[in-house]
Amino acid sequence: MDTSMPAGTLNEEAANRDPRDSPARARRSPRGRFTRGLTVVLTLVVVAVLAVYGWPLRTDELQRAAPETLSFAVASERATRTASAESIDPEVRPECRSQFLSHGRTSAKAVLLLHGYTDCPTQYRGLAKLFFDRGYNVWVPRAPRHGVTDRSAHATLDANELVDYANDAMNVAAGLGDSVGVVGISGGAVLATWLVGHRPDAVHRALLLSPLYKPDPAQVPDLAVKPLVVLFGSHLVPDRVNADGFSSAALSQYLRIVRNFATDPRSPHLRELAIVTSQDDDVIDRRAAVDIPKDIADRNDTAFSVHELPRELGIGHDIVDPDGLRGRADEINQCYLDLYEGN
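Here, residues in each chain are numbered from 1, in the same order as that chain's written sequence. Thresholds applied to this predicted model are a pLDDT of at least 70 for local features of residues and 80 or more for the giving and counting of side-chain atom pairs; totals over whole chains, interfaces and linings are not thresholded and use all residues. Only heavy atoms go into the side-chain values, all of them from the structure, while hydrogens and water stay out.

**Notes on the packing of helix 5 (residues 125–133) against helix 11 (residues 329–341)**
As a packed pair, helix 5 and helix 11 sit with axes 10 Å apart at the nearest point and diverge in direction by 55°. It follows from the interaxial angle that helix 5 and helix 11 lie oblique. Along this stretch, helix 5 crosses helix 11, giving a crossing that reads as right-handed. Where helix 5 abuts helix 11, its residues G126, L127, L130 and F131 lie against N333, Q334, Y336, L337 and Y340. Basically, the charged four are Asp, Glu, Lys and Arg, the nonpolar ten are Ala, Val, Leu, Ile, Met, Phe, Trp, Tyr, Cys and Pro, and anything else, Gly included, counts as polar. Taken together, the residues of the contact of helix 5 with helix 11 sort by class into 6 nonpolar, 3 polar and no charged. Inter-axis angles, ranging from 0 to 180 degrees, are taken between N-to-C directions of lines fitted to C-alpha atoms, where helices are fitted over the stretch in contact. Strands here mean DSSP runs of E at least two residues long; helices mean DSSP runs of H or I at least four residues long; both are numbered from the N terminus. Our angle categories are set so that under 35 degrees counts as roughly parallel, over 145 as roughly antiparallel, 65 to 115 as roughly perpendicular, and the remainder as oblique. For any pair of crossing helices, the crossing counts as left-handed if the nearer helix is rotated counterclockwise from the farther one by less than a right angle, and right-handed if it is rotated clockwise. Here, residues are in contact when the closest pair of their heavy atoms is within 4.5 Å.

Written as structure tokens, this is what we have:
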């Protein structure tokens, strides 16, 4: 029996067929659309990750210092003027004003003390006095956006203003004594290390206390450090402030400066370099805190000392403020002076 259909019938069916039932439509199934969408998303994620890890953090501005030779009279006048201006500035908290301890003349030794992130010059009130009593002229300048009535002002810090602050402070300190050095704690130790590499004309000694070169890996894994610096430091994501009041955007500025340390930190005048950390410190990467200064000391054949406060002392990240030294401030400050002087 003939089962064939007339040609006209076939043409009629083809004309009436819903185009959505075509093989091309079948290939555009929900599963296919999901797969293509997932591919696009994954591609964007890969591109974003590559962009973050490839983001350049070294800039000329953060590797450029501006040395200035000042007489004692000019250096002293600048320090005095800064402290005096802060004494009448209602925005600066009284206990946080810059401190200038002077013997009234050029001393054989002068020291610059750089306080930590979120702190202010009062952090050094014990150690500054000890240096002064030993004959040093002492300059303890207040960092930008620190020690003011708006306690969240530090969140808008910028790495460029921090290195400018450190450079200007070193210019003043260098005019106060024949031999000049720097002490820094936490973020201040980052700036002190930057000065060792970028101001070799001035730095003879350096003491680095709890340097915040990298966060404690238990807090921020190594692989997350650069994304943190790029995303928060470049303000690509909203800032985040932790329970201690630390701003991720501000901390990232200090970590940007670490990425701009001198690649070959030759410092011909550097005679002593010392580092102190605490076993009870859960803020910093203690291995990096030693490795970076040790590399500087090795490159310059400089005397290098490492001291670690034992956990049983119960002293955390802030290892200089007398309030946190549990009645041992005099003993610990003497240790710091000895390390600084290489005794």
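What follows picks up the thread again.
**Let's talk about the state of the cysteines**
Criterion for a disulfide: a pair of cysteine sulfur atoms within 2.5 Å. One pass over the structure, following the stated rule, counts 1 disulfide. Across a sulfur-sulfur distance of 2.2 Å, C96 and C120 are joined as a disulfide pair. Across the disulfide from C96 to C120, rotation about the S-S bond amounts to roughly -60°, and the bridge is consequently left-handed. Residue C96 is found in the loop between helix 4 (72–87) and strand 1 (99–101), and its partner C120 is found in the loop between strand 2 (107–114) and helix 5; the two are separated by 24 residues along the sequence. Here the two residues C96 and C120 agree in accessibility, since each one is buried. Relative accessibility decides the category of a residue: with a 1.4 Å probe and only protein chains considered, values under 20% of the type maximum give buried, values over 50% give exposed, and everything between is partly exposed.

**A look at the packing of aromatic side chains**
Only Phe, Tyr and Trp rings are paired, with Trp represented by its six-membered ring, and only when their centres lie within 6.5 Å; those with planes under 30 degrees apart are stacked, over 60 edge-to-face, the remainder tilted. The tally for this structure, following the rule as stated, stands at 7 aromatic pairs. When the ring of F100 is compared with that of W139, the centres are 6.2 Å apart and the planes differ by 90°; the resulting orientation is edge-to-face. Of this pair, F100 sits in strand 1 while W139 sits in strand 3 (residues 137–140), and the two are 39 residues apart along the sequence. Aromatic pair Y136 and Y340: ring centres 6.1 Å apart, planes at 65°, arrangement edge-to-face. Taken together, the residues span a long stretch of sequence, with Y136 in the loop between helix 5 and strand 3 and Y340 in helix 11 at a distance of 204 residues. Accessibility assignment for this pair places Y136 and Y340 in one class, buried. Within the aromatic cluster, the residues linked to one another by ring pairs are Y117, F246 and Y254.

Remember that the coordinates give geometry; whether it matters functionally is a separate question.
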